[in-house]
Amino acid sequence: MEFLSKVTAVPKLPEEINELTKISRNLWWTWNYDAQELFERIDKTLWVSSSRNPVYFLKNVSQKNLENILSDNDFMKLYEKVTKKFNSYMEEKNTWFKTTHSDEQNGTIAYFCAEYGLHESLPIYSGGLGVLAGDHVKEASDLGLPFVAVGFLYRQGYFQQKINSEGWQENVFENYDFNNFPVESALNKNGDEIFIPINILGKTVYVKIWKLSVGRINLYLLDTDIPQNDPEERLLTSRLYGGDSEMRIKQEILLGIAGVKALRELGINPSVWHMNEGHAAFLNLERIREYVNEKGLEFKEAVEAVRSGSIFTTHTPVPAGNDAFPIYMVERYFGDFWPKMKASRNEFIELGYEKRPDNSEMFSMTILALSLAGRANGVSELHGKVSRSLWKHVWKGLEDVEVPITHVTNGVHSQTWISYDLQKLYEKYMGESWYKKLDDPDSWSNIDKIPDEELWEVHKQRKRILIDYIHQKIKNQRLRHGETVEQLEEIGKILDEDTLTIGFARRFATYKRATLIFKDLQRLEKIINNPERPVQFVFAGKAHPADKPGQEFIKRIYEISRMPQFKNRIIILENYDMNMARYLVSGVDIWLNNPRRPHEASGTSGEKAGMNGASNFSVLDGWWVEGFNGKNGWAIGDNRDYENLELQDKIDSVSMYNSLEKVIVPLYYDKGDSSVSSEWIKVMKESIKTVGSFFNMTRMVKEYTQKLYMPALDQNNKFSANNFTVSRDFAHWRELLERNWEYIKIKVLANTENKAVLEVGKEIEINAEIYLPGIGPDSIQPEIVLARLENEKVTGLKTFDLKLVKEVQKDTYMFTGSFEIEERGDYGYNVRVSASHPYMPHKNYISKLIKYPG
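What comes next is a walk through the structure.

Conventions adopted
Residues numbered from 1 in each chain as written. Predicted model: local features only at pLDDT ≥ 70, side-chain atom pairs only at ≥ 80, totals over all residues. Heavy atoms only, no water. Helix = DSSP H or I, 4+ residues; strand = E, 2+ residues; numbered from the N terminus. Buried < 20%, exposed > 50% of the residue type's maximum accessible area, 1.4 Å probe, protein only. Contact = heavy atoms within 4.5 Å. Salt bridge = Lys/Arg side-chain N within 4 Å of Asp/Glu carboxyl O. Axes fitted to C-alpha atoms, helices over the stretch in contact; angles between N-to-C directions. Parallel < 35°, antiparallel > 145°, perpendicular 65-115°, else oblique. Left-handed = near helix turned anticlockwise from the far one by under 90°. Nonpolar A, V, L, I, M, F, W, Y, C, P; charged D, E, K, R; others polar. Pairing = 2+ DSSP bridges.

Digging into unusual backbone geometry
Working step 1: The omega torsion across arginine 597 and proline 598 is 0°, close enough to zero to call that bond cis.
Working step 2: In this fold, proline 598 is placed in the loop between β19 (590-593) and α25 (605-610).
Working step 3: Positive phi values are uncommon outside glycine, yet asparagine 791 reaches one of about 55°.
Working step 4: Structurally, asparagine 791 is set in the loop between β24 (780-790) and β25 (793-801).
Working step 5: Look at asparagine 791 and you get exposed, because its relative accessible area is 80%.

Topic: the environment of glycine 541
Working step 1: Its place among the elements puts glycine 541 in the loop between β17 (535-540) and α23 (548-561).
Working step 2: Residue class for glycine 541 comes out buried when judged on its relative accessible area of 1%.
Working step 3: It is 9.4 Å that separates the C-alpha atoms of glycine 541 and alanine 514, two residues lying 27 residues apart in sequence.
Working step 4: When near neighbours in sequence (up to four residues on either side) are disregarded, glycine 541 contacts Gln161, Arg506, Phe508, Ile554, Leu573 and Tyr576.

Thoughts on the pattern of salt bridges
Working step 1: Tallied over the full model, the rule gives 61 salt bridges.
Working step 2: Glutamate 559 serves as the salt-bridge partner of lysine 555, at 2.2 Å between the closest nitrogen and oxygen. Here lysine 555 pairs with glutamate 559, and both are found in helix α23, just four residues apart, close to one helical turn.
Working step 3: Here lysine 555 falls in the buried class, since its relative accessible area comes to 15%.
Working step 4: You can call glutamate 559 partly exposed: its relative accessible area is 33%.

Describing the side chain of serine 387
Working step 1: Structurally, serine 387 is set in helix α16 (residues 381-390).
Working step 2: Among all residues touching serine 387, those that are not within four sequence positions of it are Thr314 and Ile405.

Brief notes about the packing of helix α10 (residues 245-265) against helix α13 (residues 327-334)
Working step 1: Taken N-terminus to C-terminus, the directions of α10 and α13 make an angle of 45°; their axes are 12 Å apart at the nearest point. With respect to each other, α10 and α13 are oriented oblique. Considering the relative orientation of α10 and α13, their crossing is right-handed. Mapping the contact onto sequence places Ser245, Glu246, Ile249, Lys250, Ile253 and Ile257 in α10 and Met329, Val330, Arg332, Tyr333 and Phe334 in α13.
Working step 2: When grouped by side-chain class, the residues that make up the contact of α10 with α13 number seven nonpolar, one polar and three charged.

Focus: the sheet that holds β24
Working step 1: The strand order across the open sheet formed by four strands is β25-β24-β28-β29, and the pairing between neighbours is antiparallel. A strand with exactly one partner marks an edge of an open sheet, and here the two such strands are β25 and β29 (850-851).
Working step 2: Sheet topology note: the β24/strand β28 (residues 826-835) ladder contains 10 bridges and is antiparallel. Paired with leucine 786 across the strands is tyrosine 829, a residue of β28.

Some words on the sheet that holds strand β18 (residues 570-573)
Working step 1: Read from one edge to the other, the open sheet built from six strands follows the order β18-β17-β16-β19-β20-β21, with strand pairing classed as parallel. For this open sheet the edge positions go to β18 and β21 (633-636), each flanked by a neighbour on one side alone. Between one strand axis and the next, the sheet turns by 20° as a mean value, whatever way the strands run.
Working step 2: Here β17 pairs with β18 via four bridges, running parallel. Bridged to alanine 540 within β18 is leucine 573.
Working step 3: Together, β16 (500-505), β17 and β18 form the strand contacts of helix α20 (residues 452-481), whose direction differs from that of β18 by roughly 70°.
Working step 4: Here α23 sits on the sheet in contact with β17 and β18, set at roughly 140° to β18.

Written as structure tokens, this is what we have:
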């Protein structure tokens, strides 16, 4: 039969509950359990089967259920409460940002990231980077920041993982229907859909812009899977982290350049631009092009204007993890772009140039980001240190400790990750507004008021919920494998709520060493099968489709889990996602993390577990270096790095076994006549207090705001005022210095008589004659550098300014100063000159302008 038209009929929401549509299309509901409960009460089965997707849910729920729920008084009271709470939240004027900052500090912050983990029903994330970005956006909403975010709307997202009957990971990609996502077409000022044209290799690619509401924040998502594009171009936004380097550079061109153009088309003109990882670094090339073509700036002037408001966050502590492209590839993609920036080929390439140890020449996205960002940070204290060492070659002449990469330690969005049961308990003992004081240690001290038995019962309840969830997951997997009735019946014996349960869930990259606990199977077997004090493990995680060693790890754990001696005590779950993570972090007793130090930039899963009462058992890497206090969990190994990886694995695995046998397992089962171990509860409470009060997203985003966003905003305002006068002057000043820098000469006149031994506390005077042709003394900062040495390596550094005494002869100046050594040890000292300008936000703002004698 032929039809005039085909349509899909959807249920009609009764007038009494019509605001469910508005709530379903704003991801505010993802961190408000009572909002989720509304949908669950209407049809729990559909809610679960729809991956808790309210947009899909409202399209597929029965009309009868919608009508029947109106007579449920409890539901209607909850509906009224939730709608009032949502509307109040959206209309709130006195947010933290508004009450903390003046109207002059209200420029928009633009945040760019390749992935966002907001909820499992919106699968546009792969792991930690995306989940952190999603949490960041949620907290920006909670704090009321003037904030906008940009990313991709992937048609297939990241893969769905299945583990087959042999233990191999299978990668399943689904085509998602965007009509079932809470997105809508972004519109320009004329009310038209936005399609951004981008030139890639001489061909025009059109990018559709979608809008996603995350509380009070708009997240704009880029999509090339539209009819205007050829099939090849439609695939550009198909998969997250898929394809070869050609695909990656195209995606990163889209994120950076199309992302900037999209904001302009939306009428959004940010003052601060935050690149979350190097994937977005091309955005500053587009901004330079804009300034050159639209504001009349020269290339170097535009560079200074761009740097003033740019922030870069690096998340990767190893060189291989940073995107880089061959020079020839960059020339091919940008050969027609750098003329639009009024840049030469060499000036353009220099922005990201990196010569590798093997002499290959690459264009590094991280170096590009660092070159064009006035501020940069790592994501934990240790990662900041590692990053300064990794990228110090960008600032030639500086020691590691001086490299201007700071850190803001990662946190997590507490309301997203703390279980509903625990949130109710915290509300009871910390007050109804506990979630508004997440970064207040005094508020968290109220955790001590919770009776041990009450806290333990809530934890046991979460553990039972986790075990039920695991049983269902294993059942589905074994049914798919076609296993026997007997094997299906055994599922009920998997895991026991009274047994110490250890969870390990994360990306299966090899440096995370998922199989380390299995280094000595005989010793592990004794720990697990102790009849008086048994232990059980739950593993979960995906390996990248191209990461064969990581997939081998998954297979190995699966095989061990099916060995008779480990049966029902070691479990590996398939398809780790945000939903599974919430079950795990709130249901296990111990959160295990054993990366190869110092390769974990931060890690956040342990933070989620810690504030849910699961104590961390972790290598001292990432956030745990700062988080561990000796009372809130346990450390694996010691606080040092190893060159011999096999030795490191041996030491760390033995440390794990020793801690389990001698400390952790006995403590868990030491209950005496009670139903709970009081000493174990002490560790739980200490974990909740210390992790909850500091490693939360509230503290993190406030720190970004005060430490990075507001200083960048102020500098951007200075550099862009009066038709970019400061940007122009600063660029010309810098060009003058760079032109004459190599001619600077330093002659040190020290009064130490070249002694090899100096007394502690004795003042040492240094005089220096410095030749400054064409520069002048106002543009430099001469200083004495005193370095603390351990095994010839600089471990600490102090500087002492030299003061101008007089001009000795034309362009030659005498400077004097002094220093003293405060404690015994080995030191080195020297004199150096660096650039100095009142508009430099920090001392080492300009790379490569450092001069030593000789």
